[in-house]
Amino acid sequence: MRLQLGAVIILKFTIKLNNKLYIISTPIGNLKDITLRAIETLKEVDFVACEDTRVSMVLLKHYEINKELISLNAANENSKIEFILNKINSGRSCALISDAGTPGISDPGVRLISSAIKSGVEIIPIPGVTAAITALTISGLPTDSFLYEGFLPQKKGRQKKLISLAEEERTIIIYESTYRIEKLIKELSEYMPNRFMVVCRELTKKFEEVWRGTPLQLENLIKEKTIKGEFVVVISPKSWIEKDKISL
Ligand code: SAM
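For every chain, the first residue of the written sequence is number 1, and numbering continues from 1 onward in sequence order. Residue-level local features of this predicted model are given only where pLDDT is at least 70; pairs of side-chain atoms are given and counted only at 80 or more, and the full residue set underlies all totals for whole chains, interfaces and linings. Note: side-chain values were computed over all heavy atoms of the structure, leaving out hydrogens and water.

(A) Summary view of the side chain of R158. Relative to the assigned elements, R158 resides in helix α7 (residues 158-165). Residue contacts for R158: discarding those within four places in its chain leaves L152, P153, E176, K183, L184 and E187. Per the convention used, a helix needs a DSSP run of H or I reaching at least four residues, while a strand needs a run of E reaching at least two, with both numbered from the N terminus. Contacts are assigned to residue pairs with any non-hydrogen atoms lying within 4.5 Å of each other.

(B) Here's a closer look at helix α2 (residues 36-44). All of the buried residues in α2 are A38, I39, T41 and L42. Down the axis of α2, the buried set is contained in an arc of 165°. They therefore lie on one face. What points out from α2, more than 90 degrees from its buried face, is the exposed set L36 and E44. At its buried positions, α2 is contacted by β1 (20-24), β2 (47-50), α3 (53-62), β4 (94-96) and β5 (122-126). Accessibility here uses a 1.4 Å probe with only protein chains present; expressed as a share of the type maximum, an area under 20% marks a residue as buried, one over 50% as exposed, and anything in between as partly exposed. For this quantity, the arc is that covered by the directions from the helix axis to the C-beta atoms.

(C) Just the sheet that holds β5, in detail. Ordered in space as β3-β2-β4-β1-β5, the five strands form an open sheet in which the pairing is parallel. Unpaired on one side and paired on the other, β3 (68-71) and β5 mark the two borders of the sheet. The mean inter-strand angle of the sheet, taken between neighbouring strand axes irrespective of direction, is 25°. Any two strands with at least two DSSP bridges between them are considered paired. Inspection of the sheet shows β1 paired to β4 by three bridges, in the parallel sense. Looking at the pairing, I23 lines up with L96 of β4. Think of each axis as a best-fit line through the C-alpha atoms, taken over the contacting stretch in the case of a helix, with angles from 0 to 180 degrees between the N-to-C directions. Of the strands in this sheet, β2 and β3 touch α3, which is tilted by about 150° from β3. Running at roughly 150° to β3, helix α4 (residues 77-89) makes contact with β1, β2, β3 and β4 of the sheet.

(D) Up close: the pattern of salt bridges. A pairing counts as a salt bridge when a side-chain nitrogen of Lys or Arg comes within 4 Å of a carboxyl oxygen of Asp or Glu. Counting across every chain of the model gives 14 salt bridges. Among the salt bridges present, the one from R170 reaches E168, with a minimum N-O distance of 2.6 Å. For R170, a relative accessible area of 33% gives the class partly exposed. What you see here is one network of salt bridges that share partners, running through R158, E176, R180, K183 and E187.

(E) Here's a closer look at the packing of aromatic side chains. Planes of paired rings set the category: under 30 degrees apart is stacked, over 60 is edge-to-face and the rest tilted, where pairs are Phe, Tyr or Trp rings (Trp by its six-membered ring) whose centres lie within 6.5 Å. Enumeration over the complete set of coordinates arrives at four aromatic pairs. With 5.8 Å between their ring centres and 70° between their planes, F151 and Y175 make a pair best called edge-to-face. Note that F151 is positioned in strand β6 (residues 146-151) and Y175 in strand β7 (residues 171-176), a separation of 24 residues in sequence. Clustering of aromatic rings is evident, with ring pairs tying together Y148, F151 and Y175. Its end group placed over the ring of F47, K87 keeps NZ or CZ at 5.1 Å from the ring centre. Over a ring means this: the NZ of a Lys or the CZ of an Arg is within 6 Å of the ring centre and within 35 degrees of the ring normal.

(F) Here's a closer look at the side chain of T26. Mapped onto the elements of the fold, T26 is located in the loop between β1 and α2. Beyond its immediate chain neighbours, meaning those up to four positions away, T26 contacts D33, L59, I97, S98, D99, A100, G101 and V129.

Remember that the coordinates give geometry; whether it matters functionally is a separate question.
If you want it as structure tokens, here you go:
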């Protein structure tokens, strides 16, 4: 009887220890930009839900972590949620990571997290890098209030969005890919020619570059530049340039 009680207590304790979903930020380029707690947690969890298993393998191999990987991406997120939650609810612990940065920030994860909350799973944040905040912190633009826009709509609603951003009184952060950065800068020249912009390319990587200026200045500058890699664009609030004149 005593033994049985002990076994029940141990079982309950084990379930309590596991049964968790850890949301872990990973580097946006430089593999050293990961916290000790993130590495420790990745080593301890039972399995890892990640966007692209090949991308996450590189990180995990670097830190000599060998785990079961389950892919969770924009296309399969809905169908994988039940499978992942069943595993967690059967007493396992799961780490959610994305290809880079913080899961759920212009990346999959939000639907899994909200479903996990509804099913009573404990969610534990293991914070770290986000490209948006990394860019904002070096922009020199106001950080007291900012708007994270992520990727602008590619077609429908893009023009409307640009018109509303032209009136924005907070610092704006936009994500853009190699393929559309030139188009975006041209559009910003048209819709908000007097704003000050900071374009951050390949942050934390070997070819990291930061370009500062008006959209027109940057349009001219990028003619001589390599337009490759990942970009974050930080834009000054509408009234900022008048208030805080800076030398471009
Ligand atoms: N979850 C990520 C985060 O926390 O920042 C964002 C993922 S989103 C799919 C990818 C976009 O983030 C890229 O297209 C780019 O706009 C931005 N990004 C990611 N890494 C970057 C880097 N090293 N330098 C500049 N921008 C980056």
